[in-house]
Amino acid sequence: MTDEPPTIGPERLRERALQALTTARDRTALLTTCVDEPDLVAQHSPLMSPLVWDLAHIGNQEELWLLRTVAGREAMRPEIDGLYDAFEHPRAERPSLPLLPPDEARRYAAEVRGRALDVLENTPFEGRRLTEAGFAFGMIAQHEQQHDETMLITHQLRRGPRALTAPDPEPVAPWSGPSEVLVPGGPFTMGTSTEPWALDNERPAHVRTVPAFHIDTTPVTNAAYRAFIEDGGYDEEGWWTPQGWAHIRTHGLDAPLYWRREGGEWLRRHFGVTEAVPPDEPVLHVSWYEADAYARWAGRRLPTEAEWEKAARHDPATGRSRRYPWGDADPAPEHANLGQRHLRPAPAGSYPAGASPLGVRQLIGDVWEWTASDLLPYPGFNAFPYKEYSEVFFGPEYKVLRGGSFAVDPVACRGTFRNWDYPVRRQIFSGFRTARDA
């Protein structure tokens, strides 16, 4: 069992960094030019920032890390640092701040980027931990893509006509293969010590022993979740944790976010369009409490984070952990639904080329998958390059999500990548699959 390093030379890493930064900025431009200024400066939900805040925050973080920290340059706009410090101002307060207006935010981000590309061209990729293998540039590309996903969540929350379009995933026949896969028990390598741009909470690689378990072959679908609803799942206290039951009763929840019943049909609002809930798509916009309750109703449970990663990465034939379910190659369109290429999950059973060695499908892309685990550090964890990325979130308050969604770019998604959120959160592109003991 090994965590083998990707064999990428420094010039290829430099090209990869340039491509990742460019892809992220193109996506940021798309998300902030498809609506008018009033939509950019408005707060569409107290859970989210105004889009214009994200736009300038992206530029500010790039300046802080690439221009000031890596290159040692003087601050361009030190007076705005506090405005765009995510820990200084919670999202609900941000609309009241003296934020840069859209045109000025764009100019600022563009000027930072121009200087950052000069830094990229002239920075050695060795001799300094922050720039080893281009880490700082990869970190900033991931940061921007994470905010692009956040901005896409805001687009889903905003009221009004459709602002974004994308082709639908390829249709497939309804999944008729096995409903679950047996993952054999034993040790495997979890996390990574060699992935060049892996973030601190993914490190270091370490051995975990997991008893044998069964895991769903595909994520839970809308049709399956609808059966839970129609069997009274939201009315039966026994399926819920005490906190989950109190939450759904307090807020009157009876279906995933954006669903509504009209006559005998379930409809949902999806990026400005009302549509029938597609039965074969993975269920989307459910909280951890809802995922956990469904699993109990189905006589199953949510997989632990270690179980999820073993199902996604462990190759029983070789005993090693892969970078992705399909192998070590970077994601391609045939592997997974990533990068906002589509604006919805693909039907359950899609992407056979992306299956794990044991045949588990869609572990990467489509929907973030809730796990049973709290966000905790791995043995030997070392906060880097700042403790606010991961360390301040460790503990039972946050649940881990794995695998990425259709809204995640490949640069911010891999078999070791860890996401987390409060168990009440539903605006995120979250779904789940279930497991059971062998």
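Going by the structure above, here's the rest.
Everything numeric in this text was worked out from a predicted model, so none of it was measured.

**Q** Quick question: what am I supposed to make of the overall build of the protein here?
**A** Counting secondary structure elements, the protein contains nine helices and 12 strands. Relative to the globule expectation of 22 Å for 438 residues, the C-alpha radius of gyration of the protein, 21 Å, shows essentially globular dimensions. With the C-alpha coordinates of the protein rotated into their principal frame, the extents come out at 60 × 50 × 40 Å. Sequence separation of 24 or more characterises 77% of the internal contacts of the protein that already satisfy a separation of 6 or more. As displayed, the protein offers around 17,300 Å² of accessible surface, 52% of which is attributable to carbon and sulfur atoms. Each charge sign in the protein was given a centre, from 47 positive and 63 negative side chains, and these centres are 1 Å apart.

**Q** I'm lost on the side chain of R320 in this one. Help?
**A** Looking at the secondary structure, you find R320 in the loop between α9 (305-313) and β8 (368-375). A polar atom in the side chain of R320 sits 3.1 Å from the side chain of D328.

**Q** Help me out: how do you make sense of the sheet that holds strand β5 (residues 259-262) in this one?
**A** Each strand in a sheet pairs with its neighbour through backbone hydrogen bonds, running either in the same direction (parallel) or in the opposite one (antiparallel). With antiparallel pairing, three strands are arranged side by side in an open sheet as β5-β6-β7. Whereas interior strands pair on both sides, the edge strands pair on one side only; in this sheet they are β5 and β7 (273-276). If you compare each strand with its neighbour and ignore which way they point, the axes differ by 35° on average. Across four bridges, β5 lies against strand β6 (residues 265-270) in antiparallel orientation.

**Q** Sorry if this is basic, but what is going on with a negative patch on the surface here?
**A** A cluster of acidic residues, D85, E88, E388 and E391, forms a negative patch at the surface. In this structure, E391 sits in the loop between β8 and β9 (395-402). Among the residues examined, E391 registers a relative accessible area of 36% and is labelled partly exposed.

**Q** So what exactly am I meant to see when it comes to the packing of helix α1 (residues 10-33) against helix α5 (residues 135-157) here?
**A** If you want to describe how two helices pack, look at the angle between their axes and the distance between the axes. Where α1 meets α5, the axes come as close as 9 Å, and the angle between the chain directions of the two elements is 20°. As summarised for this structure, α1 and α5 are arranged roughly parallel, according to the angle between their axes. You can see that α1 and α5 cross each other, and the crossing is left-handed. Here α1 contributes A17, A20, L21, T23, A24, R25, R27, T28, L31 and T32 to the contact with α5, which in turn contributes F137, I140, A141, E144, Q145, D148, E149, M151, L152 and H155. Considered class by class, the residues forming the contact of α1 with α5 number 10 nonpolar, five polar and five charged.

**Q** Explanation requested: the sheet that holds strand β12 (residues 435-437) in the structure shown.
**A** Strands sit in the order β1-β4-β12 across an open sheet of three strands; the sheet is antiparallel. Edge positions in the sheet fall to β1 (180-183) and β12, since each of these pairs with one other strand and no more. Averaged over all pairs of adjacent strands, the angle between strand axes in this sheet comes to 25°, irrespective of strand direction. Two elements, strand β4 (residues 213-216) and β12, share three bridges in a ladder whose sense is antiparallel. Pairing of I215 across the sheet is with A435, part of β12.

**Q** Would you mind showing me how to read the pairing of β1 here?
**A** Remark: a regular strand shows side chains that alternate across the two faces of the sheet. Residues V181 and V183 point to one face of β1 and are all buried, whereas E180 and L182, pointing to the other face, are not buried. In this sheet, β4 lies alongside β1 in antiparallel orientation, the contact comprising four bridges. In the sheet register, L182 faces β4, and the bridge partner there is H214.

**Q** It is not clear to me how the packing of helix α3 (residues 51-70) against α5 should be interpreted in this structure. Could you clarify?
**A** It is at 10 Å that the axes of α3 and α5 come closest, and there the two elements cross at 175°. One element, α3, and the other, α5, form an angle in the roughly antiparallel class. Of α5, the residues touching α3 (which contributes L51, W53, D54, H57, I58, Q61, E62, W65, L66 and V70) are A136, F137, M139, I140, H143, E144, H147, D148, T150, M151, T154 and H155. For the contact of α3 with α5, the residue count by class is 11 nonpolar, seven polar and four charged.

**Q** Just to check I follow, could you spell out the nonpolar core for this structure?
**A** Nonpolar side chains in soluble globular proteins generally cluster together in the buried interior. Within the largest apolar cluster, 114 residues are counted, with the highest numbers of intra-cluster contacts made by F137, L152, Y225 and F432. Once residues within four sequence positions are removed from consideration, F137 is found in contact with A17, L21, L66, V70, A116, V119, L120, T123 and F125.

**Q** Mind showing me how you'd approach the packing of aromatic side chains here?
**A** To describe a pair of aromatic rings, one takes the distance between the centres and the angle between the planes. This model, assessed by the stated rule, comprises 28 aromatic pairs. Note on Y386 and Y389: the rings are 6.4 Å apart at their centroids and 70° apart in plane angle, and the pair reads as edge-to-face. According to the relative accessible area criterion, Y386 is partly exposed, its value standing at 24%. The class for Y389 is buried, based on a relative accessible area of 15%. Every member of this aromatic cluster is reached through a ring pair, and the members are W65, F87, Y386, Y389, F393, Y398, W420 and Y422. A cation over a ring is seen here: R129 above F384, with NZ or CZ 3.8 Å from the ring centre. Seen from the ring of W288, K399 lies directly overhead, with NZ or CZ sitting 4.5 Å from the centre.

Reading the values: the criteria
- Going along each chain's sequence as written, the residues are numbered from 1 onward.
- Local features in this predicted model are restricted to residues whose pLDDT is 70 or higher, and side-chain atom pairs enter the listing and the counts only when it is 80 or higher, whereas totals over whole chains, interfaces and linings include all residues.
- No hydrogens and no water enter the side-chain calculation; it runs on all heavy atoms of the structure.
- Helix and strand definitions follow DSSP, with helices as H or I runs of at least four residues and strands as E runs of at least two, each counted in order from the N terminus.
- The globule rule is 2.2 Å times the number of residues to the power 0.38, and the radius of gyration it is compared with is taken over C-alpha atoms.
- A contact between two residues is defined here by any heavy atoms of the two lying within 4.5 Å.
- Every accessible area reported is derived by Shrake-Rupley at a probe size of 1.4 Å, with residue values counting cover from the shown protein chains alone.
- Residues scored as positive are Lys and Arg, those scored as negative are Asp and Glu, and His as well as the terminal groups of each chain are ignored.
- Lys charges are placed at NZ, Arg charges at CZ, Asp charges at CG and Glu charges at CD.
- Polar contacts here mean pairs of N or O atoms no more than 3.5 Å apart (in protein, one a potential hydrogen donor and the other a potential acceptor; neighbouring residues in sequence count only if both atoms are side-chain atoms).
- Any two strands with at least two DSSP-identified bridges between them are counted as paired.
- Between the N-to-C directions of two axes lies an angle of 0 to 180 degrees, each axis being a line fitted to C-alpha atoms and, for a helix, fitted only over the stretch in contact.
- Residues enter patches when they are more than 30% accessible in relative terms and free of salt bridges; like-charged ones are connected within 9 Å and nonpolar ones (Val, Leu, Ile, Met, Phe, Trp, Tyr) within 5 Å.
- When a carboxyl oxygen of Asp or Glu is within 4 Å of a side-chain nitrogen of Lys or Arg, the pair counts as a salt bridge.
- Each residue gets one of three labels from its accessible area relative to the maximum for its type: buried under 20%, exposed over 50%, partly exposed in between, using a 1.4 Å probe on protein chains only.
- Roughly parallel refers to an angle under 35 degrees, roughly antiparallel to one over 145, roughly perpendicular to one between 65 and 115, and oblique to any angle outside these ranges.
- Put simply, a crossing is left-handed when the front helix is turned counterclockwise from the back one by less than a right angle, and right-handed when it is turned clockwise.
- Classification convention: Asp, Glu, Lys, Arg as charged; Ala, Val, Leu, Ile, Met, Phe, Trp, Tyr, Cys, Pro as nonpolar; all other residues, Gly among them, as polar.
- Here the nonpolar core consists of buried residues drawn from Ala, Val, Leu, Ile, Met, Phe, Trp, Tyr and Cys, with membership extended through side-chain atoms lying within 4.5 Å.
- Ring geometry is summarised as follows: Phe, Tyr and Trp rings, the Trp one being its six-membered ring, pair when their centres sit within 6.5 Å, and such pairs are stacked at plane angles under 30 degrees, edge-to-face over 60 and tilted between the two.
- The rule is short: NZ of Lys or CZ of Arg within 6 Å of the ring centre and within 35 degrees of the ring normal puts a charge over the ring.

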